[in-house]
Amino acid sequence: RPFHVEPTNIVSVNDDMQRVTDEASAMNKRIHYYSRLTSPADRALIAPDHVLPAPDEIYVYSPLGTAFKVDSCTDGYGKNSSIVTIFMIWNTMMGTSILSIPWGIKQAGFTSGIILILLMGILTLYCCYRVVKSRKMIPLIDTSNWEFPDVCKYYFGSFGQWSSLLFSMVSLVGAMVVYWVLMSNFLFNTGKFIYNFVHDINVTDIVPGTNGSNKVICPSAASGHPPQNRSVMFSSSNNTGFELFEKWWNKSQTVPFYLIAVLLPLLNLKSPSFFAKFNVLGTFSVVYLVFLVTVKAAHLGIHLEYNWFTENEFFVPEFRILFPQLTGILTLAFFIHNCVITLLQNNRNQENNVRDLSVAYFLVGLTYLYVGVIIFASFPSPPLSKECIEQNFLDNFPSNDIMSFVARIFLLFQMMTVYPLLGYLARVQLLRQFFGNAYPSIFHVLVLNVAIVGAGVAMARFYPNIGGIIRYSGATCGLAFVFVYPSLIYVISLHRAGQLTWPALIIHIFIILLGLANLIAQFLL
């Protein structure tokens, strides 16, 4: 339709054309990125030929145990506001590690635990900066669609490609093993709660604990070792039925095998995109855990006593030699380095990436610090010792505790929806590298999934210690993605540009040595 062209109209038309161009560019980048996650035959993350992806649909899969979809962007042109970007990073990083933070603080000592959370947050944030900048330091090559493993391949060749795949698989499989252990735990306690409630069983718990309506228990004190394979005893009028239930509903001997019937078929699905719709459960779970911790602390009060280097019956020293166990957990708790570029490339204002990443890390650290400190400080000592804090702090609340029951239900359902997504990502990364196809055949997929599920069942059966699993896998994958690769790439890029200085070299060698020491210490303590 003809119209009189004023200067303001020209500016408006140019702005509209620029927006359309930006929108198309953003959509093409997403199509290209997601298409690289699958083979051409697997359309799970590839847009159909006749449909362009809506610019406000962004899927993010993370090997940390979180997978989510951001359903809306603020500007409608494929870009996120800073608030959405910060929330995406926070939501991705908040994984199962939060359940082990109080135990890690107990292992390190209260004061040193707080200091380590702050220091590890700052260190991993700095290394995350190096990851974000690494792609931009490559000259004369279009790296707009690269992720950090692509950068590793550029600098280190096939070794960088395969080693990044190896460490990525360690983080993925480690997260899936932790999930299996936790799902077994939550399913066991949920089933026990329902059975007791339906049969009106009077609970007589032999596990030491506090009295009153807000009971806290110490399972490890009853067995002399962590309580993962122990069921509490009950009194019931129908002892035969209860004994039969105890036989077939055992935390380590039966329940981990029951999960196979539900989860193994889900892992074999070609596309698990349906489960991404439940990503909001992850946010609800974390918010509910914070609420639970706050309510419990309000009822239990604060129980602290400062003993700087000596132990007593109820309290631990402020500084303990076991502190590397917390640093191993924190390495995975703050681990986002292999997918942070994807999360930030859709930020509307790229100049705010450093600020938004810093704010997200601050919020993550604050959440970990709040949950860990509150649980440790409110743990009732006396009558119980701080040593009773379990690797999963929900184990310190009996199965008939209503609030803990709700938390376990939330977490169980959330993990059962995220687990197939993690399995899908593991399948895509591994099978595509070896066979050029993410779904070469049902036989290949089944063999891989049986191996992953078998690892989870074996750990739930023989080593159901989520704190140990998290710290081992965190220190291992963190050595590559957090400490070594970002530092080496930065040093190499400075050297090639003729800008490398001795202070920069010494600082980044020290960071690499810290990562190596962190890994070695996990096997010595």
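Note that this is a predicted model, so its numbers are computed, not measured.

A. Molecular detail of helix α5 (residues 148–198). Taking 1.5 Å per residue as the helical rise, α5 with its 51 residues ought to reach 75 Å, whereas the 52 Å between its terminal C-alpha atoms falls clearly short. Where α5 bends most, the angle comes to about 150°, and this point is Phe-156. Backbone geometry just downstream of α5 places Asp-200 in the positive-phi region, at approximately 55°.

B. Here's a closer look at unusual backbone geometry. A cis amide bond links Ser-381 with the next residue in sequence, Pro-382, at an omega value of -15°. Positionally, Pro-382 belongs in the loop between α12 (353–378) and α13 (402–435). Each neighbour pair has its own omega, and for Pro-382 with Pro-383 the value is 15°, a cis peptide bond. Tracing the chain through its elements places Pro-383 in the loop between α12 and α13.

C. Main features of the packing of helix α8 (residues 255–267) against helix α14 (residues 442–462). Relative orientation of the contacting elements α8 and α14 amounts to 155°, with a least axis distance of 11 Å. Taken together, α8 and α14 sit at an angle that is classed as roughly antiparallel. Pair α8 / α14 crosses with right-handed handedness. Taking contact as the criterion, the partners of Pro-256, Phe-257, Ile-260, Leu-264 and Leu-267 in α8 are, on α14, Val-445, Asn-449, Val-450, Val-453, Val-457 and Ala-460. For the contact of α8 with α14, the residue count by class is 10 nonpolar, one polar and no charged.

D. Here's a closer look at the state of the cysteines. Applying the stated criterion across every chain yields a total of one disulfide. Across the disulfide, Cys-218 is cross-linked to Cys-388 (sulfur-sulfur distance 2.0 Å). Here the S-S torsion is close to -80°, and the disulfide linking Cys-218 with Cys-388 is therefore left-handed. Here the residue Cys-218 occupies a position in the loop between α5 and α6 (219–223), and Cys-388 occupies one in the loop between α12 and α13, the gap between them amounting to 170 residues. Residue Cys-218 shares its accessibility class with Cys-388, and that shared class is buried. The thiol of Cys-128 is unpaired, and the distance to the nearest cysteine sulfur, on Cys-339, comes to 8.6 Å. The exposure class of Cys-128 is buried, given its relative accessible area of 0%.

Definitions and cut-offs
Residues numbered from 1 in each chain as written. Predicted model: local features only at pLDDT ≥ 70, side-chain atom pairs only at ≥ 80, totals over all residues. Heavy atoms only, no water. Helix = DSSP H or I, 4+ residues; strand = E, 2+ residues; numbered from the N terminus. Expected span 1.5 Å × (residues − 1). Bend = angle between axes of the 7 residues up to and from the residue. Axes fitted to C-alpha atoms, helices over the stretch in contact; angles between N-to-C directions. Parallel < 35°, antiparallel > 145°, perpendicular 65-115°, else oblique. Left-handed = near helix turned anticlockwise from the far one by under 90°. Contact = heavy atoms within 4.5 Å. Nonpolar A, V, L, I, M, F, W, Y, C, P; charged D, E, K, R; others polar. Disulfide = S-S within 2.5 Å. Buried < 20%, exposed > 50% of the residue type's maximum accessible area, 1.4 Å probe, protein only.

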